[in-house]
Structure formats: C-alpha cells, structure tokens
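Analysis of the macromolecular model
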Amino acid sequence: MLVGLYAHISRTMDSVFEAYLGSESVLVGGSFEPEDIPKKNTEVFVLGKTYNAIQELDLIRRDIQSRLWCTYRHSFVPLGEVQLTTDRGWGCMLRCGQMVLAQALIDLHLGRDWFWTPECRDATYLKIVNRFEDARKSYYSLHQIALMGESQNKAVGEWLGPNTVAQILKKLVCFDDWCSLVIHVAMDSTVVLDDIYSLSQDGESWKPLLLIIPLRLGITDINPIYVPALKRCFELESSCGMIGGRPNQALYFVGYVDDEVLYLDPHTTQRTGAVGQKTTTAEQELDETYHQKYAARLNFSAMDPSLAVCFICKTQSSFELLLKQLREEVLTLSSPALFEISKSRAVDWDTTEDIEWPTMPDIDWPASSDSESFAVVGESGASGSGGAGKPSESKPSAVI
C-alpha cells in the first residue's frame, strides 16, 4: 500500500512542467508563466531561424512546440532481461537521440516551416510520431534503441553517451525504408568527405544526410573558446541541434539567446500510449505529450563538454553549402578548431565501418514495407541505407 502511494505521489510530482517551472518562473494571472525567453530586445536562434525575443515570442514558442519532445515514459511493455517498464533515471540520452532524429525526419518530410497544432492529423506527421512510440514495433522506440545497444555490450538501463546513441541511430535507420535518410557519425572529431560521399551519393542522386559530429570540448567543463563556434552552428540553416547536456542530465539543445543555450528536457515522466491516427480523445491527448511550447535555458559554460553537433543535408547542394559555411564561418572561430574536415582518412585509421555489427536478436522489427505496423498511415517511400559502427568514446560525466 505504501509502495503504491509513493508511486502515485512520484507520478504527480512529475508533471509536464517539472523541468521548466523553476526559480525563474513567475505567477501571472493565477498560472505559471515560464521565463523561457528573456524579455528584452535581443535575437533568438532556433535551429537555423532567427527571431526577436520580444516581437516574435509567440512565434518562437510555436516553433519550439512543433519539435517532437521525447521524455521518460512509464508503464510500457517490459524491456530486457530486467523487465524494465520505465526509463526514468537512465533513458534521457536515448530520448535526446530520438529528438534529434525526429527533427531530421520532420525537416526532411514536412519542411522547416511546418508547424504542429493540437488538431494536426497530417498523415506524414503521424507516420513520424508513430515511429517513436514506446512499442517494440516502432522503428525508433526506446525498446529498439536499448536492445540495439545491448548487442554492443551496453546493458538495458546502462548509461549511453552521445556518440553511442548516434551509432545506434545510424544502424536503426537502415531498417526503415520510408525515412529516406542516412546517418554519418564523424569519428575522432573529423568529418571525412570520402566516407560521406560514399554513403550519400548513389550515382547522380543524393540520399538525405543526417551528419552527427561527436565532440569533447574540455575535460570536466566546456572550454569557452568553443562557444562562438557552437553559437554559429545553431544559426546555420542546416542545423539539427545538438545532443549533450549538463553534468548528470542529457538535454537536446535547439538554439540560443545571448550567452544561454535553449534546450528541450526529457526529464519528465509521462504515461505510455499510442498516438495512432488521432481518431480518439485518448490518442489526441497522447499526441500532445510529444510537444512542449517552452524551452529551458542554460548558460553555455554549464554544458557538459561531451556533446554532438548535428546537421541535416537534404540535397548535395545543401551539403556543399554547409561545408563552405563550416570552413569559413565555424572552424575559423576557435583555435584549435571545433573539429576538422578531411577529404579522406589515414590508411591506418580504424573506423566503425570496418567493424561488422552482429545481427539483432530478439527484436520485433517492423515490416520493411510498412505493410503491417504503418499500413494505416501510408505507403512506403524511398529506400535509405547506412553503415554500422561500433562506438569508441570515453565516458564523460555520467548522464542519466
């Protein structure tokens, strides 16, 4: 009885605003109004878009709310040998990985100017959100990510870093023909062009690319010399945000204002359920749990030095433009540079592509044609493929 009471109290405390209504929140008209954006005449950058903090506050919040917000969940199908039914306390980096991949799919299939509303029943949007539901049949569910990590000696419930999550996502997109996306993870802080062209170029066509660059920008604290370069990354049109966090907490960074980075926080525990086609009230309410209109703020100096910078390149020309911007506008802002760009890798450079990943046991993969799990949503689209990699990273401050 006491255990049940404790669980009830715990869930109550995990309200959707727990991560956002802190000491900076104010009570306005009987309700909390988070100070998500400072009330002064300054610029706000969100995933490549620029806003005015005062004049465009509602538009900023609408933009933030249109991103897929992936959080802790409870009461899902038991996961792993330990039969976990919640990822509270261990799954935040996995949720951040979900958010950056979801943003890439939204940008690719719906466009950067697309906005979500509670009434949205767009078939493409539903097809995307269905892929992140906590069910074994969903392509990018917590189950799929955790079990893929388990095949690489990462036990279910164990801490995963940005690089490891990126490598897992890179493998998972290979099983999803509709997503039409490939992922390249730049190892050793070096973007190798030959590897990217080999992955994304298919004759004269280009496979849309999610480029993830894991970085280590300090030992225990982020080195301030890199902050201008990180800011510039958020300003680029191809920005897909950053996955990282602060010590002991993984966060999805989506932009910045002045010297503070804006982020979506996965540390809210919500119930598990299916959005489906949003034909019932329960499905509509569940869909709303994937959206949060208020970003939170953190000083750049408080960021964990282990993070991954992400970009979406839908065409080859957009990738070429990104390379030009990185070389001229990002890598010149710090010494040493944020990362390197190289045409090819050294002959003796071990790479994740050289390692064969084992087949995935005990996972109920969705039908590759979407004929079963997603038949109601729509037909399968173009095929995407990507290599697989085994993570090789040093563990930073624990992120849970």
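Note that the structure is predicted; figures quoted are calculated from it, not measured.

A few points about the overall build of the protein
- Per the secondary structure count, the protein includes ten helices and 18 strands.
- The burial tally for the protein puts 54% of its 400 residues in the buried class.
- For the protein, the proportion of contacts with a sequence separation of at least 24, taken over those separated by at least 6, is 74%.

A look at the pattern of salt bridges
- Across all of its chains, the model carries 17 salt bridges by this definition.
- Residues Asp-113 and Lys-49 are paired through a salt bridge, measuring 2.6 Å at the closest nitrogen-oxygen approach. One end of the pair, Asp-113, is in the loop between α3 (92-109) and α4 (123-130); the other, Lys-49, is in strand β4 (residues 49-52), and 64 residues separate them in sequence.
- Since its relative accessible area comes to 22%, Lys-49 is described here as partly exposed.
- Salt-bridge contacts for Arg-112 lead to Asp-63; the nearest nitrogen and oxygen are separated by 2.9 Å.

Quick notes on the nonpolar core
- Among the nonpolar cores identified, the biggest contains 73 residues, and Val-44, Leu-101, Tyr-140, Leu-181, Leu-210 and Tyr-252 are the most heavily contacted of them.
- The contact partners of Tyr-140, leaving out residues within four places of it in the chain, are Gln-98, Leu-101, Leu-105, Arg-131, Phe-132, Ile-145, Leu-172, Val-173, Asp-176 and Cys-179.
- Residues Ala-186, Phe-234, Leu-236 and Tyr-256 belong to the second largest nonpolar core, which totals 44 residues.

Some words on the side chain of Ser-200
- Within the element layout of this structure, Ser-200 appears in helix α7 (residues 193-200).
- The class of Ser-200 is buried, set by a relative accessible area of 0%.
- Not counting the four nearest positions on each side in its chain, Ser-200 is found in contact with Val-182, Ser-205, Trp-206, Lys-207 and Leu-209.

Re helix α9 (residues 281-288)
- Here α9 has its buried residues at Glu-283, Leu-286 and Asp-287. Axial view of α9: buried residues confined to an arc of 100°, hence all on one face.
- The inward-facing, buried residues of α9 contact β5 (72-79), α4 and β15 (269-271).

With respect to the pairing of strand β14 (residues 260-264)
- By the criterion of burial, β14 is predominantly enclosed, with four of the five residues buried.
- Alignment of strand β13 (residues 249-257) against β14, held across five bridges, turns out to be antiparallel. Note that in β14 the partner of Val-257 across the bridge is Glu-260.
- Connecting the antiparallel pair β13 and β14 is a turn made up of two residues, with Asp-258 showing a positive phi of about 55°.
- Note: β14 against strand β16 (residues 296-299), four bridges, orientation antiparallel. Bridge pairing in β16 places Leu-262 opposite Arg-297.

A look at the packing of aromatic side chains
- Using the criterion set out here, one finds ten aromatic pairs in the structure.
- Measuring from ring centre to ring centre gives 5.6 Å for Tyr-197 and Phe-319, while their planes differ by 85°; the resulting arrangement is edge-to-face. With Tyr-197 in helix α7 and Phe-319 in helix α10 (residues 316-330), this residue pair connects regions lying 122 residues apart in the sequence. Like Tyr-197, the residue Phe-319 is buried in the burial classification.
- An aromatic cluster is present here, built from Phe-45, Phe-234, Tyr-256 and Phe-300 joined pairwise through their rings.
- Residue placement shows Arg-73 over the ring face of Tyr-290; its charged tip is 4.5 Å from the ring centre.

Here we look at α4
- Most of α4 sits out of view: six of its eight residues are buried.
- Tyr-125, Leu-126, Lys-127, Ile-128, Val-129 and Asn-130 are the residues of α4 that are buried.
- Summarising the contacts, the buried residues of α4 are in contact with α3 and α9.
- With a side-chain oxygen lying 2.9 Å from the backbone nitrogen of Thr-124, the N-terminal cap of α4 falls on Asp-122.

Conventions we followed
- Residues numbered from 1 in each chain as written.
- Predicted model: local features only at pLDDT ≥ 70, side-chain atom pairs only at ≥ 80, totals over all residues.
- Heavy atoms only, no water.
- Helix = DSSP H or I, 4+ residues; strand = E, 2+ residues; numbered from the N terminus.
- Buried < 20%, exposed > 50% of the residue type's maximum accessible area, 1.4 Å probe, protein only.
- Contact = heavy atoms within 4.5 Å.
- Salt bridge = Lys/Arg side-chain N within 4 Å of Asp/Glu carboxyl O.
- Core = buried A, V, L, I, M, F, W, Y, C linked by side-chain atoms within 4.5 Å.
- Arc of directions from axis to C-beta.
- Pairing = 2+ DSSP bridges.
- Phe/Tyr/Trp six-rings, centres within 6.5 Å; stacked < 30°, edge-to-face > 60°.
- Lys NZ or Arg CZ within 6 Å of the ring centre and 35° of its normal.
- Polar contact = N/O pair within 3.5 Å; in protein donor to acceptor, adjacent residues only side chain to side chain.

Without other data, these values stay purely geometric and don't point to any function.
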